[in-house]
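# Overview (structure and organization)
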Number of protein chains: 2
Amino acid sequence: MDALEPVSAARCFGGTQHVFRHQSRATGTPMRFAAFVPPQAAAGPVPVLWFLAGLTCTEENFTVKAGAQRVAAELGLMLVAPDTSPRGEGVPDDPDGAYDFGLGAGFYLDATEAPWSTHYRMESYVVEELSELVAAALPAHPARQGIMGHSMGGHGALTLALRHPDRYRSVSAFAPIASPMRCPWGEKALSGYLGPDRAAWRGHDACALIEDGARLPALLVDQGTADGFLETQLRPELLEAACAAAGIPLTLRRQAGYDHSYFFIASFVEDHLRWHAATLAT
Amino acid sequence: MDALEPVSAARCFGGTQHVFRHQSRATGTPMRFAAFVPPQAAAGPVPVLWFLAGLTCTEENFTVKAGAQRVAAELGLMLVAPDTSPRGEGVPDDPDGAYDFGLGAGFYLDATEAPWSTHYRMESYVVEELSELVAAALPAHPARQGIMGHSMGGHGALTLALRHPDRYRSVSAFAPIASPMRCPWGEKALSGYLGPDRAAWRGHDACALIEDGARLPALLVDQGTADGFLETQLRPELLEAACAAAGIPLTLRRQAGYDHSYFFIASFVEDHLRWHAATLAT
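Residues numbered from 1 in each chain as written. Chains lettered and ligands numbered in written order. Predicted model: local features only at pLDDT ≥ 70, side-chain atom pairs only at ≥ 80, totals over all residues. Heavy atoms only, no water.

We apply this condition: UniProt positions are given in the numbering used here, feature names are shortened, and annotations may be inferred rather than shown by experiment.
The name that an unreviewed UniProt entry assigns to chain A is S-formylglutathione hydrolase, with the source organism given as Roseomonas acroporae. Listed under Catalytic activity (unreviewed entry) in UniProt, the entry text for chain A is "S-formylglutathione + H2O = formate + glutathione + H(+)".

## What to know about the side chain of Ser131 of chain A
Residues and elements named next belong to chain A. Just so we agree on the cut-off: Each helix is a run of H or I in the DSSP string that is no shorter than four residues. Each strand is a run of E no shorter than two, and both are numbered from the N terminus. Relative accessibility under 20% of the residue-type maximum defines a buried residue, over 50% an exposed one, and the middle range a partly exposed one, all with a 1.4 Å probe and only protein chains included. Whether two residues are in contact is decided by their heavy atoms, any of which lying within 4.5 Å being enough.
Its place among the elements puts Ser131 in helix 3 (residues 122-137). Using a relative accessible area of 2% as the deciding quantity, one classes Ser131 as buried. Those residues in contact with Ser131, other than ones at most four positions away along the chain, are Trp50, Tyr125, Val126, Gln145 and Arg167.

## Concerning the sheet that holds strand 6 (residues 140-150) of chain A
All names here are of chain A. Test applied: DSSP bridges decide pairing: two strands pair if at least two such bridges lie between them. Every axis corresponds to a line fitted to the C-alpha atoms, with the helix fit spanning only the stretch in contact, and the corresponding angles, defined between N-to-C directions, vary from 0 to 180 degrees.
Strands sit in the order 1-2-3-5-4-6-7-8-9 across an open sheet of nine strands; the sheet is mixed. Only two strands of the sheet have a single neighbouring strand rather than two, namely strand 1 (5-12) and strand 9 (250-255). For this sheet the average axis-to-axis angle between neighbouring strands, irrespective of direction, equals 20°. The pairing of strand 3 (residues 30-37) with strand 5 (residues 78-82) spans four bridges and is classified as antiparallel.

## Digging into the pairing of strand 1 (residues 5-12) of chain B
Residue and element names in this part refer to chain B. The pairing of strand 1 with strand 2 (residues 15-23) spans seven bridges and is antiparallel. Paired with Glu5 across the two strands is Arg21, which belongs to strand 2. Adjacent in sequence and paired antiparallel, strand 1 and strand 2 are bridged by two residues, among which Phe13 carries a positive phi angle near 50°.

## As for empty space enclosed by the protein
For clarity, the cut-off: Residues are called lining when one of their atoms sits within 4 Å of a cavity or pocket point, these points coming from a 1 Å grid over the protein atoms alone, where a cavity is a set in which a 1.4 Å probe fits but cannot get out and a pocket is an open set with protein on both sides within 12 Å along at least five of seven lines. Grid points are joined across faces, edges and corners, and a volume is the space filled by probe spheres set on the points. Polar here means any residue outside two lists: the nonpolar Ala, Val, Leu, Ile, Met, Phe, Trp, Tyr, Cys and Pro, and the charged Asp, Glu, Lys and Arg; Gly therefore counts as polar.
Going through the model one piece at a time under the given rule, you end up with two cavities of 30 Å³ or more. In this structure, the largest cavity spans a volume of roughly 60 Å³. Lining the largest cavity are Gln17, Ala34, Ala35, Phe36, Phe62, Thr63, Ala68, Gln69, Leu79, Val80 and Ala81 of chain B. Among the residues forming the lining of the largest cavity, the class breakdown is eight nonpolar, three polar and no charged. If you add up the space inside the second largest cavity, you get close to 50 Å³. Taken together, Gln17, Ala34, Ala35, Phe36, Phe62, Thr63, Gln69, Leu79, Val80 and Ala81 of chain A make up the full set of residues lining the second largest cavity. Within the residue set of the lining of the second largest cavity, elements represented by two or more residues are strand 3, helix 1 (60-65) and strand 5 of chain A.

See the structure below:
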């Protein structure tokens, strides 16, 4: 077990908002993550709700902008927000410095193509290493984990939950990329990290995973109708069709006038926390 | 009336979070401010609650970090957050680039010393120009205004409310500088902006204003006990003594373990909004 180095800790709604740094075996780099520990953790392990952030984000965005700690403190949920990619010396970035690949754009998968495959191993990092680290170092209940995310991180929440159904009991998403195989962000990322063979991409596409037999017990998705990425990148109708064909109970709420920002997430995050808590409580 | 130029607008808790830019007569510079317009404004003017931010901040910090829109949308309060200083071409800054004077550190007063007196006119800007602009351009009720702030902005809320009792009906603060005349941040700012005559400083020191006869109907202050600036810069005991001597009803809550961050503000902002709304509703 690698040691957790405290970066900061602040009292928040009767709990504590932590940021930690540690040396990751999965990525071969130092990694940071945020963890809100609710007051109920003083009495024993609490359920853990993961939040995976979108392109350009770090562990900070959700932590300072979503206002989720208030409800987490009420419900007794730990909130864990990882970074979105490896960073630091020797970690390659998009050759053009684009925001949608490389640093800040790890897509929550293990890359197989050089030079990305050395450090870009965010699936192993989140699902295995960080999950074990949190369970060992913090008052987390390892059998009660849920996952949610935004945009690229909504794709991450969906695909990680579909690929690791024993790990995550509940899943939800804000404005997720529904099918990275069928949008510019996803085509760039999957071809870069996984190579040109589109068959390999199906394992990291929520709709393809469902078509190929993966299942979720239920799914909550919020999507703003004024989201500038709605039609070209996010395409919730593809997820709707895949869930309908597979019989997955999807609650897709089209929120009139909301955009892609954390103001949208903040407006509906309480509903998501209550959704997860209802499943994770038992 | 100078024109408001929209910078951004996002749906948030059923209302709209705006950022505007405009050319200020008071500061002689372009200025930005944030305004949350709650859903109740569709039916007519709503009360306005001002938030003055602390050192290094802009209009953005409170807007993205405090999570206040949720309660403002429930209570029907407009939230207006100005910037903390003039900025831009020709605006002088601290010669050493320090964070506690110049840019981001306007202290909500009109400077009288050159070169600061040309642009550093934040009292006139907030109390007169921006107040009139908001009342003219947004669905704001000009007779129902409250003010709150954090740290340097807590000082601002206290001194502006004490100096303009007809403007602000309600006032509260998070970790305010209680007496700038008696702390390093304040001594530097007041001597820089107002010159060496300490008699002139009394008009911008909450405790001295109260000693000299200014009054507030009531005051709510939250202060974290783990705030690193508590003893050297903030000194709430001075405000406590001044209010006690003057018979001002002060509710000073020492919040155990909380620091100076927006995690502290977020934890208690709901109480402040309800406090203001109770006064501003009638």
